[in-house]
Amino acid sequence: MESFFINILPAIGIVLDPVNLFVIPLGIMVGIAMGIMPGFGGAQALALMFPFTFIMSAEQSILFMVSIYSAAEYGGSIPAILIRTPGTTAAAMTILDGYPMAQRGDAHRALMISITSGVFGGIMSSLIFIVAASGLAWIGLQFGPSEMFALGILGLSIIGSFVGKDPTKGFLMAGFGLLLSTFGESPFGTVRFDFGQPYMYDGIPLIVMIISMLAAPEVFRLMGLISEKHEALNRIREGVLSSKGNKLSWANVKKLVPTMLRGSVIGT
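Now for a description of the structure that goes with this document. Just so we're clear, the structure is a prediction, and the values are computed from it rather than from any experiment. (Residues numbered from 1 in each chain as written. Predicted model: local features only at pLDDT ≥ 70, side-chain atom pairs only at ≥ 80, totals over all residues. Heavy atoms only, no water.)

### Quick look at the overall build of the protein
Thought 1: Looking only at helices and strands, one finds twelve helices and two strands in the protein.
Thought 2: Starting at the N terminus, the α and β elements of the protein follow one another as α-α-α-α-α-α-α-α-α-β-β-α-α-α.
Thought 3: Across the 268 residues that make up the protein, the buried fraction comes to 28%.
Thought 4: Summarising the internal contacts of the protein: among those between residues at least 6 apart in sequence, 58% fall at separations of at least 24.
Thought 5: Total accessible area computed for the protein in this model is approximately 17200 Å², and 73% of it derives from carbon and sulfur atoms. (Helix = DSSP H or I, 4+ residues; strand = E, 2+ residues; numbered from the N terminus. Buried < 20%, exposed > 50% of the residue type's maximum accessible area, 1.4 Å probe, protein only. Contact = heavy atoms within 4.5 Å. Areas by Shrake-Rupley, 256 points an atom, 1.4 Å probe, with all protein chains shown as cover.)

In structure tokens form, the structure reads like this:
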């Protein structure tokens, strides 16, 4: 804790450096643009932009990469809210509430809730990490194969609760997802379901699967709505272009604080 107070002022000075104040917004814009693309998450954005850090100092590189990663996570929520297609895997749950809000004409409010929650969670988790990094690392090291297996089963078991009154559909799709993950080379060195095709060794590409199973059907559905001049599509368009009547007020933020706190702790 003492080292934290000793280093906090020099760290703030690094962030407020004029060059770094240019690097951070640049990373944010790049991250949002890449996060919007379905299946192109923060990790892929970092890999693509990594060569540009060779001309930067160590501090600038770190700030640039952190900005890209954080912004990409928010960018993934934009297509999830507007066209029901998650830009990143983390934005998959954003569809459940964000897209219905957009259909009601509250797209602007949904986007503001997404970015406000993301900033709040990022600040909270960073503060927790700074204060309790060693303790959290110890807890993480206690997770072995059995704990990770139990965590995976927990994640799969709660899928059914996200699909409304028919959990059978949720479990069937979870099973289908597990089946798709078995294609290609396994961690134990064997190759499964490659059908004699070399390009199947690495499994089914995530980006191809997301675009074909999520983005493309939704695009065709929206094209049909455009030709019919559907009222729901007009509400989404108006909700994006105009913030009148669907702004995120301080009263809304106060109501969301308990949820954001809970999400920050769970995420950390």
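Structure's up, so let's keep going.
### Focus on helix α4 (residues 58-75)
Thought 1: The end-to-end C-alpha distance of α4, which contains 18 residues, comes to 25 Å, matching closely the 26 Å that a straight helix rising 1.5 Å per residue would cover.
Thought 2: Buried within α4 we find Q60, S61, L63, F64, M65, S67, I68, A71, A72, Y74 and G75. (Expected span 1.5 Å × (residues − 1).)

### Digging into the pattern of salt bridges
Think of it this way: side chains of opposite charge can pair up when their charged atoms draw near.
Thought 1: The full count for this structure, using the stated rule, is one salt bridge.
Thought 2: Put simply, R104 and D106 hold a salt bridge, and the shortest N to O gap is 3.6 Å.
Thought 3: On the accessibility criterion, R104 (54% relative accessible area) is exposed. (Salt bridge = Lys/Arg side-chain N within 4 Å of Asp/Glu carboxyl O.)

### So, helix α9 (residues 167-181)
Thought 1: With 15 residues, α9 extends 21 Å between its outermost C-alpha atoms, agreeing within 8% with the 21 Å of an ideal straight helix rising 1.5 Å per residue.
Thought 2: Of all the positions in α9, only G170, A174 and L180 are classed as buried. Along the long axis of α9, the arc covered by the buried residues comes to 120 degrees, so they all point the same way. (Arc of directions from axis to C-beta.)

### Considering the packing of aromatic side chains
Thought 1: Taken as a whole and assessed by the stated rule, the structure comprises three aromatic pairs.
Thought 2: Aromatic pair F50 and F54: ring centres 5.3 Å apart, planes at 85 degrees, arrangement edge-to-face.
Thought 3: With a relative accessible area of 60%, F54 lands in the exposed category.
Thought 4: Chaining the aromatic ring pairs together yields one cluster made of F183, F193 and F195. (Phe/Tyr/Trp six-rings, centres within 6.5 Å; stacked < 30°, edge-to-face > 60°.)

### Overview of the side chain of S77
Thought 1: Along the chain, S77 falls in helix α5 (residues 77-83).
Thought 2: Take S77: its relative accessible area is 2%, and that puts it in the buried class.
Thought 3: In contact with S77, other than residues within four places in its own chain, are A91, T94 and S114.

### Observations concerning unusual backbone geometry
Thought 1: In this structure, R84 takes a positive phi of about 55 degrees despite not being glycine.
Thought 2: Relative accessible area serves as the criterion here: at 37%, R84 is assigned to the partly exposed category.

### Points about the environment of M56
Thought 1: Mapped onto the elements, M56 comes out in the loop between α3 (42-49) and α4.
Thought 2: Excluding anything up to four places from it in sequence, M56 contacts S61 and F64.

### So, the nonpolar core
Thought 1: V23, V30, M34, F40, A45, M49, M56, F64, M65 and I68 form the largest nonpolar core, which has ten residues in total.
Thought 2: Listed by contribution, the elements that provide at least two residues to this core are α2 (18-36), α3 and α4.
Thought 3: Listed in part, the nine residues of the second largest apolar core include A102, A107, A110 and L111. (Core = buried A, V, L, I, M, F, W, Y, C linked by side-chain atoms within 4.5 Å.)

### Side note on the packing of helix α7 (residues 107-141) against helix α12 (residues 250-267)
Thought 1: Two elements in contact, α7 and α12, have axes whose closest approach is 10 Å; the angle formed by their N-to-C orientations is 45 degrees. On the basis of their axis angle, the class for α7 and α12 is oblique. The hand of the α7/α12 crossing is right-handed. Of the residues in α12, those in contact with R109, I113, T116, S117, F120, G121 and M124 of α7 are N252, L256, M260, L261 and S264.
Thought 2: The residue inventory of the contact of α7 with α12, partitioned by class, reads six nonpolar, five polar and one charged. (Axes fitted to C-alpha atoms, helices over the stretch in contact; angles between N-to-C directions. Parallel < 35°, antiparallel > 145°, perpendicular 65-115°, else oblique. Left-handed = near helix turned anticlockwise from the far one by under 90°. Nonpolar A, V, L, I, M, F, W, Y, C, P; charged D, E, K, R; others polar.)

### Things to note about the packing of α2 against α4
Thought 1: Where α2 meets α4, the axes come as close as 6 Å, and the angle between the chain directions of the two elements is 35 degrees. Note on packing geometry: the crossing formed by α2 with α4 is right-handed. Residue-level inspection shows V19, N20, V23, I24, L26, G27, I28, V30, G31, I32, G35 and I36 of α2 in contact with α4, the latter providing Q60, L63, F64, S67, I68, A71, A72, Y74 and G75.
Thought 2: Residue composition of the contact of α2 with α4, by class: 14 nonpolar, seven polar and no charged.

### Re the side chain of Q60
Thought 1: You can see Q60 is positioned in helix α4.
Thought 2: In contact with Q60, not counting residues within four places along its chain, are V19, N20 and V23.

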